[in-house]
Amino acid sequence: MGANQALERANSDLIRSNQNLEQFAYIASHDLQEPLRKIQQFGDLLKTRLTGSVSGEDLTYLERMQIAASRMSVLIKDLLAFSRISTTQAVAQPVKLDEVVNGVLESLSVAIEESGAQIEVDDLPTVQGDPLQLSQLFQNLLANALKFRRTSSVGTFLIPQITVRARLLARGELPASTQPARDADQYHLIEVIDNGIGFEEKYLDRIFQVFQRLHGKNEFAGTGVGLAIVEKVVTNHGGAITASSKPNQGATFCVYLPA
């Protein structure tokens, strides 16, 4: 097989894969969500009708059923978001990351207020990219920084301390292990730093994979898709992402985007 034939076959396989993802996205947004909505609706009706006439144990079963349906609904929505990003090219336009992060902080205002989080955002650059995808990137990084809170020696949650900062790097200043998806003379390094629970760096490759969780679902809510979305957005924008951390010493996520 010649090089051209191999390239054509690879392109054909990629197109077919994207079509499969698009078909999944349609099914996920219609055929899978509707039965879950019915389960939740009828669960609410049963709970209202049976309260006071059945045992507390029976009501607990109903509540557990509704919680399971809710988790399934969130998982489908996250997979839908991942599949859309995987099959949609980033729209190249100037995007002010200051405005993107401000919008994300507004959407997270309830969690910020409840946790008392202190968030410092330095001046951020304008990059070429897709506003919606970049918003999803910071939404997931900042939501994680708020969610994975560390506890003190007496068991109380510490106030989240989060910093978002940026600086410009020359190509030669990138870490040797960092390989952006697109070559450029300069890159914007955007760091999201928190004081949360952190993680073992030996799991660094795992955390950007779909469904990979380092903590049980009973400890922290989530589906294990958020950081996979982050990695996909960064790749779509020609960049790279890595992280550094130690258990109970916070984490720093480093996003490199072409300048």
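These notes cover the structure that comes with them. (Residues numbered from 1 in each chain as written. Predicted model: local features only at pLDDT ≥ 70, side-chain atom pairs only at ≥ 80, totals over all residues. Heavy atoms only, no water.)

## Comments concerning the overall build of the protein
Which entries qualify depends on this criterion: Labels follow the DSSP assignment, with helices taken as runs of H or I lasting at least four residues and strands as runs of E lasting at least two, numbered in each case from the N terminus. A simple rule labels every residue: compare its accessible area, found with a 1.4 Å probe on the protein chains alone, to the largest value its type can have, and call it buried under 20%, exposed over 50%, or partly exposed in between. Throughout, a residue-residue contact means that at least one pair of heavy atoms, one from each residue, lies within 4.5 Å. The Shrake-Rupley method, run with a 1.4 Å probe, gives the accessible areas here. Residue values count only the displayed protein chains as cover.
Helix and strand counts for the protein stand at six helices and seven strands. When the helices and strands of the protein are placed in sequence order, the string is α-α-β-α-α-β-β-α-β-β-α-β-β. Sorting the 259 residues of the protein into buried and exposed places 36% on the buried side. A fraction of 70% describes how many contacts in the protein between residues 6 or more apart in sequence connect residues 24 or more apart. Carbon and sulfur atoms make up 51% of the accessible area of the protein, which amounts to about 15,100 Å² in all.

## As for helix H5 (residues 131-147)
Just so we agree on the cut-off: Here the expected length of a helix is defined as 1.5 Å per residue gap, with one fewer gap than residues. Whenever a nitrogen or oxygen atom comes within 3.5 Å of another N or O atom, the pair is scored as a polar contact, on the condition that within protein one atom can donate a hydrogen and the other can accept it, and that pairs from neighbouring residues in sequence are kept only if both atoms are in side chains.
Taking 1.5 Å per residue as the helical rise, H5 with its 17 residues ought to reach 24 Å, and the 24 Å between its terminal C-alpha atoms agrees with that figure. Listed in full, the buried residues belonging to H5 are Gln133, Leu134, Leu137, Phe138, Asn140, Leu141, Leu142, Asn144, Ala145 and Leu146. If you check the start of H5, you find a side-chain oxygen 3.0 Å away from the backbone N of Leu132, and it comes from Asp130.

## As for the side chain of Gln133
As for its placement among the helices and strands, Gln133 is situated in helix H5. Side-chain polar atoms of Gln133 contact the side chain of Asn236, separated by 3.2 Å.

## Overview of the environment of Glu200
When you line up the elements, Glu200 lands in the loop between strand S5 (186-194) and helix H6 (226-236). Taking the C-alpha atoms as reference points, Glu200 and Ser245, separated by 45 residues in sequence, lie 6.7 Å from one another.

## Here's the deal with the sheet that holds S5
Going by this rule: Any two strands with at least two DSSP-identified bridges between them are counted as paired. Axes here mean lines fitted to C-alpha atoms, for a helix over just the part in contact, with angles spanning 0 to 180 degrees between N-to-C directions.
With mixed pairing, five strands are arranged side by side in an open sheet as S2-S4-S5-S7-S6. Whereas interior strands pair on both sides, the edge strands pair on one side only; in this sheet they are strand S2 (118-121) and strand S6 (240-245). Ignoring strand direction, the axes of neighbouring strands in this sheet form an average angle of 20°. Inspection of the sheet shows S5 paired to strand S7 (residues 251-258) by eight bridges, in the antiparallel sense.

## Comments concerning the packing of H5 against H6
As a reminder of what qualifies: Working rule for handedness: look at the near helix, and if it is turned counterclockwise from the far one by less than a right angle, call the crossing left-handed; if clockwise, right-handed. Classification used: nonpolar for Ala, Val, Leu, Ile, Met, Phe, Trp, Tyr, Cys and Pro, charged for Asp, Glu, Lys and Arg, polar for all others including Gly.
Between H5 and H6, the least distance of the axes is 9 Å, while the angle of their chain directions is 145°. In this structure, H5 crosses over H6, and the sense of that crossing is left-handed. Of H6, the residues touching H5 (which contributes Gln133, Leu134, Gln136, Leu137, Asn140, Leu141 and Asn144) are Gly226, Leu227, Ile229, Val230, Val233, Val234 and Asn236. Looking at the contact of H5 with H6 residue by residue, the class counts come to eight nonpolar, six polar and no charged.

## Topic: unusual backbone geometry
Phi is positive for Asn248, close to 65°, though the residue is something other than glycine. Inspection of the secondary structure puts Asn248 in the loop between S6 and S7.

## Regarding the pattern of salt bridges
Short version of the rule: By definition, a salt bridge exists where a carboxyl oxygen of Asp or Glu is found within 4 Å of a side-chain nitrogen of Lys or Arg.
Evaluated as defined, the whole model comprises three salt bridges. Note that Lys47 and Glu63 form a salt bridge whose closest N and O atoms lie 3.1 Å from each other. With Lys47 in helix H1 (residues 3-50) and Glu63 in helix H2 (residues 56-87), this pair connects stretches of sequence that are 16 residues apart. Across the pair Arg165 and Glu191 runs a salt bridge whose closest N-O atoms are separated by 2.7 Å.

## Considering the pairing of S7
By the criterion of burial, S7 is predominantly enclosed, with eight of the eight residues buried. Burial along S7 is two-sided: the face carrying Ala251, Phe253, Val255 and Leu257 and the face carrying Thr252, Cys254, Tyr256 and Pro258 are both buried. In textbook terms, the turn of a hairpin is the stretch between consecutive antiparallel strands, and for S6 and S7 this stretch comprises five residues, one of which, Asn248, has a positive phi near 65°.

## Some words on the environment of Val100
With respect to the element layout, Val100 can be found in helix H3 (residues 97-107). The sequence separation of Val100 and Leu132 amounts to 32 residues, and the corresponding C-alpha distance is 8.7 Å. Among all residues touching Val100, those that are not within four sequence positions of it are Val95, Leu134, Ser135 and Phe138.

## Thoughts on the nonpolar core
The condition is simple: Among the buried residues, those of types Ala, Val, Leu, Ile, Met, Phe, Trp, Tyr and Cys that are joined through side-chain atoms within 4.5 Å form a nonpolar core.
Judged by nonpolar contacts, the single largest core of 41 residues is most densely connected at Leu97, Leu137, Phe138, Leu141, Leu142, Phe253 and Val255. With seven residues, the top contributor of residues to this core is H5. When residues no more than four places from it in sequence are discounted, the contact partners of Val255 are Leu137, Leu141, His188, Leu189, Ile190, Val234, Ala240 and Ile241.

Any link to function would need more than the numbers given here.
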